[in-house]
Amino acid sequence: SAVISQKPSRDICQRGTSLTIQCQVDSQVTMMFWYRQQPGQSLTLIATANQGSEATYESGFVIDKFPISRPNLTFSTLTVSNMSPEDSSIYLCSVPGGRDGGLNEQFFGPGTRLTVL
Amino acid sequence: ILNVEQSPQSLHVQEGDSTNFTCSFPSSNFYALHWYRWETAKSPEALFVMTLNGDEKKKGRISATLNTKEGYSYLYIKGSQPEDSATYLCAFPKSSGDKLTFGTGTRLAVRP
């Protein structure tokens, strides 16, 4: 199993500003995932953060809007840039529970609840 | 079915009632099906990862079945308790990779 912490747990921000969310894992992992859940929507994968290489973004998400850092095997940050009210969401990081993430559960952080005014 | 769909969206039951909800997913190229429970202000927590057609898994009062040929899974809760109140998510990995496609969840509220 993995224990994951996130900072901040919640924030209220003004439009046009940026917020950086931190994700810390208690063990070394190769892959980390960043998800968001907009109100009334499903959890949607933003990107996969790999240590030592650039993040891989899903369709509809771009690096300029959601830059990601992965400086080591236990830590990652996601920045939500130039925020608008549509960015109000819960942001979660997660790690796979085994080598084949499809067959193993994922472990999630407690989430960051972001409100953009 | 192109994506993962869950029904109902929300459910209100009385303590002691048994309940169930559905997850529908693409039946072609099936790899696995995940169930998670997400309580407010907490981390989503894995309940089951299911891979075999006809499989049934159980954890306490919660159980799940899987039909990969028709593309659905049922989650059952026997004798619901207030602490079962949460959003129940199912998720579908598209391949052997780690990326999960989630449904919108079923929000369960259990009244004491």
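Okay, so let's go over this structure.

Analysis parameters
- Residues numbered from 1 in each chain as written.
- Chains lettered and ligands numbered in written order.
- Predicted model: local features only at pLDDT ≥ 70, side-chain atom pairs only at ≥ 80, totals over all residues.
- Heavy atoms only, no water.
- Pairing = 2+ DSSP bridges.
- Helix = DSSP H or I, 4+ residues; strand = E, 2+ residues; numbered from the N terminus.
- Axes fitted to C-alpha atoms, helices over the stretch in contact; angles between N-to-C directions.
- Contact = heavy atoms within 4.5 Å.
- Buried area = accessible area lost by both parts, 1.4 Å probe.
- Salt bridge = Lys/Arg side-chain N within 4 Å of Asp/Glu carboxyl O.
- Disulfide = S-S within 2.5 Å.
- 1 Å grid on protein atoms, 1.4 Å probe; cavity = no way out; pocket = protein on both sides within 12 Å on 5 of 7 lines; lining within 4 Å.
- Points joined across faces, edges and corners; volume = space filled by probe spheres on them.
- Nonpolar A, V, L, I, M, F, W, Y, C, P; charged D, E, K, R; others polar.

### Thoughts on the sheet that holds strand β3 (residues 19-24) of chain B
Residues and elements named next belong to chain B.
Consideration 1: In spatial order, the strands read β1-β3-β8-β7-β6; together these five strands make up an open sheet with antiparallel pairing. Edge positions in the sheet fall to β1 (5-7) and β6 (56-59), since each has one partner strand and no second. Looking at each pair of strands side by side, their axes are set apart by 15° on average, direction ignored.
Consideration 2: Pairing geometry for strand β7 (residues 62-67) and strand β8 (residues 72-77), over six bridges, is antiparallel. Directly across from Ser63, in β8, lies its bridge partner Tyr76.

### A short note on the interface of chain A and chain B
Consideration 1: Every contact between the two is made by 26 residues of chain A and, on the other side, 24 residues of chain B.
Consideration 2: Between chain A and chain B, the buried area comes to about 1,800 Å², and carbon and sulfur atoms account for 58% of it.
Consideration 3: Between the two partners, chain A and chain B, sit one salt bridge.
Consideration 4: For the side of chain A that touches chain B, the secondary-structure elements that each account for two or more residues are β4 (31-37), β5 (44-50), β9 (89-96) and β10 (106-108) of chain A.
Consideration 5: Take the side of chain A that touches chain B: its biggest share by element is four residues, from β4(A).

### Overview of unusual backbone geometry
Consideration 1: In this structure, the amide linkage connecting Lys7(A) to the following residue, Pro8(A), adopts the cis form with an omega of -10°.
Consideration 2: Relative to the helices and strands, Pro8(A) resides in the loop between β1 (4-7) and β2 (10-13).
Consideration 3: The residue after Ser7(B), namely Pro8(B), is reached through a cis peptide bond having omega -5°.
Consideration 4: On the secondary structure map, Pro8(B) appears in the loop between β1 and β2 (10-14).
Consideration 5: Positive phi is not limited to glycine here, since Asn82(A) has a value of about 45°.
Consideration 6: Checked against the element boundaries, Asn82(A) lands in the loop between β8 (75-80) and β9.
Consideration 7: The residue Ala41(B) is not glycine, and still its phi comes out positive at about 65°.
Consideration 8: Here Ala41(B) shows up in the loop between β4 (33-38) and β5 (45-50).

### Concerning the state of the cysteines
Residue and element names in this part refer to chain A.
Consideration 1: Summed over the entire model, instances satisfying the criterion amount to two disulfides over all chains.
Consideration 2: Linked covalently through their sulfurs, Cys23 and Cys93 form a disulfide whose S-S length is 2.0 Å. Of note, the bridge from Cys23 to Cys93 carries an S-S torsion of about 80° and is right-handed in sense. Remark: Cys93 occurs in strand β9 and Cys23 occurs in strand β3 (residues 19-25); sequence separation between them is 70 residues.
Consideration 3: No disulfide involves Cys13; its nearest neighbouring cysteine sulfur is the one of Cys93, lying 17 Å away.

### Remarks on the layout of surface pockets
Consideration 1: Put simply, the largest pocket is a space of about 580 Å³.
Consideration 2: Lining the largest pocket are 23 residues, with Gln37(A), Gly40(A), Ile90(A), Thr87(B) and Arg107(B) positioned closest to its centre.
Consideration 3: Elements supplying a minimum of two residues to the lining of the largest pocket: β9 and β11 (112-116) of chain A together with β9 (86-93) and β11 (106-111) of chain B.
Consideration 4: Counted by class, the lining of the largest pocket contains six nonpolar, 14 polar and three charged residues.

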